[in-house]
Amino acid sequence: MELNIYAYKCKRCGHIHYPYKTICKNCGENDHNEFDIVPLPKKGKLLTYTTLYNPPSDYEVPTLALGIVELEGGHRITGQLNIKNPKIGMNVEGKVEVVRKEAYNKHLGMVFYQA
Amino acid sequence: MREVYVAGIGITSFTRLEYPLVEIAAYPGLMALRDSGLKKIDQLYVANMGSGRVNGQTGLASAVVDHLSLTPAGAVTIENGPASGASAIKEGFMAVASGMHDVVMVIGAERMREVNQLEATDFVATLTHPLAEYIYGVTLPSLAGMFARLYMEKYGVTSRHLAMVAVKNHHNAMDNFYAHLHEEITLEGILDSPEASTNNPYVADPLRFYDMCPVSDGGACLILVSADVMKKLNKPMIRLAGIGQATDTHAVHERKDPTYLFAVREAAKKSFAMAGVKPEDVDVAELHDAFTILEIAESEEVGFFKKGEGHIALEKGETKIGGKIPINPSGGLKAKGHPVGATGVGQAHEIVLQLRGEAKKRQVKNAKIGFTCNFGGFGNNVVCLTFIKEK
């Protein structure tokens, strides 16, 4: 089964939120059940990025690359990068992988590769 | 609303302090009481971000009010991320302006060096979005790195401009006894020389070591009073004239243009409107330069310079002491230090010193209107204050 990151689409106005909100940012719809869960696209362009040289202690790696990606459809997501020479504007494609391991917990999130 | 004045101020060194958090909060309170000549207060607000997590102590304000033997005055702890300090000043202002209290003490205090650098960074990172940012390993330096890269691409800001902010603020801090870093740096040492990559390694590229504020302990205090109390004290009449607060999306990627700091713009606009002044009237400002890029970006958003021109003004020396609008004469967060919950109160402390004309070697001449910007989260909760010297 292909893993996805899900966004929240307002049933009234169609506005897509990622991450989740209780009230629609666009139309003010305030019944918090009124969202459809939709998968976020995986392809997009790299908007900006950084390499962290002192990642948080949960990470047993010397550096950690992070970026913000503008996905097809215009939604944005923050994710990890697995790209040798990232450049602003390059095409990237995401995969859902483990992005953080804690003692008893693994978190899934989007990791981007060069498309 | 009643008018609100600053009757007394106090501060500790922003550095690594070897005494408990309660004392870090209490000493500036004692200094401010002595400075004002007051012996009693109606209410205490203590701004702090991490005592529960970092120091294992909750209910900080109750401990501080007792430590200062100011019981039975009311006491409340305020946690609002790195904007806790100015948020507490806002609460203090409202308590006096409303007529509920006449004398309110506002203390900001933080003891971050109780844990190591990585744990301190992780503690601050818990303010990022838990599911959309934190789980990826996002920290404040990484958000600043991504912000800086986009800013450089869009507006032509270079590493040299960032280094110039650091050089300026380190230089200012040399004359500030209470600053964390007393270390004069040069562009050659941190950017141009062959040793620069060792002296100044990347932390979150394009940001390097000297683009980041230090992790500091420290406390600061302001005593806010009504006009009636103030007139009896025979102190310079420094009025807290404007307060603006604004918020923005929790996750940075949700902002329409991630190079805009919308909450800074809104908070500054509200603060200036309330005080009845314009950005060009400001004589001295303390901006929240936790990262060098933020001083440039905030100087534009608050209205001192046009968007994309802050780095040009910096090049021309307009933000130095003696320039058109001196920014961070204290050394800023960059060199004075950043004890997160105390920072907003520390900024206000510097502005009051400047308006009183008590800032010694780093004094901005004839400063009458001062401004602070206390930036919480990565720009998702911002409080701006405007102070005016009367007479």
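All values derive from a computational prediction rather than experimental measurement.

Turning our eyes to something else, we now look at the pattern of salt bridges. On inspection of all chains with the given rule, the structure shows 27 salt bridges over all chains. Between B:R362 and B:E350 there is a salt bridge, and its shortest N-O distance comes to 2.7 Å. With B:R362 in the loop between α15 (343–356) and β10 (369–376) and B:E350 in helix α15, this pair connects stretches of sequence that are 12 residues apart. No difference in accessibility class separates B:R362 from B:E350, as the two residues are buried. If you follow the salt bridges from partner to partner, you end up with A:D58, A:R100, A:E102, B:R53 and B:D122 in one network.

Here we take up the nonpolar core. A:I77, B:Y136, B:F291, B:F304, B:F371 and B:F378 are the most contacted members of the largest nonpolar core, which has 94 residues in total. Ranked by residue count, the leading element in this core is helix α6 (residues 140–155) of chain B, at 10 residues. One finds B:I78, B:A86, B:L224 and B:L385 within the second-largest nonpolar core, a separate group that totals 36 residues.

Attention now goes to the sheet that holds β10(B). Residues and elements named next belong to chain B. Pairing within the open sheet is mixed, and its 9 strands lie in the order β3-β2-β4-β7-β1-β8-β11-β10-β9. The outermost strands of the open sheet, each flanked by one partner alone, are β3 (74–78) and β9 (284–286). Ignoring strand direction, the axes of neighbouring strands in this sheet form an average angle of 25 degrees. The pairing of strand β2 (residues 43–47) with strand β4 (residues 103–111) spans 5 bridges and is parallel. Residue A47 lies in a different strand from β4, and its bridge partner there is G108.

Residues and elements named next belong to chain B. Helix length check: α6 (16 residues) gives 22 Å between terminal C-alpha atoms against 22 Å at 1.5 Å per residue, within 8%. Within α6, 14 of the 16 residues are buried, which leaves the element mostly enclosed by the surrounding structure. G156, located one to two residues past α6, shows a positive phi value of around 80 degrees.

Per the domain assignment, the segments making up chain A are domain 1 (6–39) and domain 2 (43–114). For domain 1 of chain A versus domain 2 of chain A, the distance between C-alpha centres works out to 24 Å.

Let's shift gears to the interface of chain A and chain B. Across the contact, 33 residues belong to chain A and 31 residues belong to chain B. A buried area of about 2,700 Å², summed over both sides, lies between chain A and chain B, and 59% of it is on carbon and sulfur atoms. Seen at the junction of chain A and chain B, the total is 2 salt bridges. B:E254 is paired through a salt bridge with A:K21; the nearest N and O atoms lie 2.7 Å apart. Where chain A meets chain B, there are 18 residue pairs in polar contact (both at pLDDT 80 or more). For the side of chain A that touches chain B, the secondary-structure elements that each account for two or more residues are β4 (43–52), β5 (64–71), β6 (76–81), β7 (91–102) and β8 (105–114) of chain A. The greatest single-element share of the side of chain A that touches chain B, amounting to 6 residues, is contributed by β4(A).

Rules and cut-offs
Residues numbered from 1 in each chain as written. Chains lettered and ligands numbered in written order. Predicted model: local features only at pLDDT ≥ 70, side-chain atom pairs only at ≥ 80, totals over all residues. Heavy atoms only, no water. Salt bridge = Lys/Arg side-chain N within 4 Å of Asp/Glu carboxyl O. Helix = DSSP H or I, 4+ residues; strand = E, 2+ residues; numbered from the N terminus. Buried < 20%, exposed > 50% of the residue type's maximum accessible area, 1.4 Å probe, protein only. Core = buried A, V, L, I, M, F, W, Y, C linked by side-chain atoms within 4.5 Å. Pairing = 2+ DSSP bridges. Axes fitted to C-alpha atoms, helices over the stretch in contact; angles between N-to-C directions. Expected span 1.5 Å × (residues − 1). Domains from an automatic or database assignment. Contact = heavy atoms within 4.5 Å. Buried area = accessible area lost by both parts, 1.4 Å probe. Polar contact = N/O pair within 3.5 Å; in protein donor to acceptor, adjacent residues only side chain to side chain.

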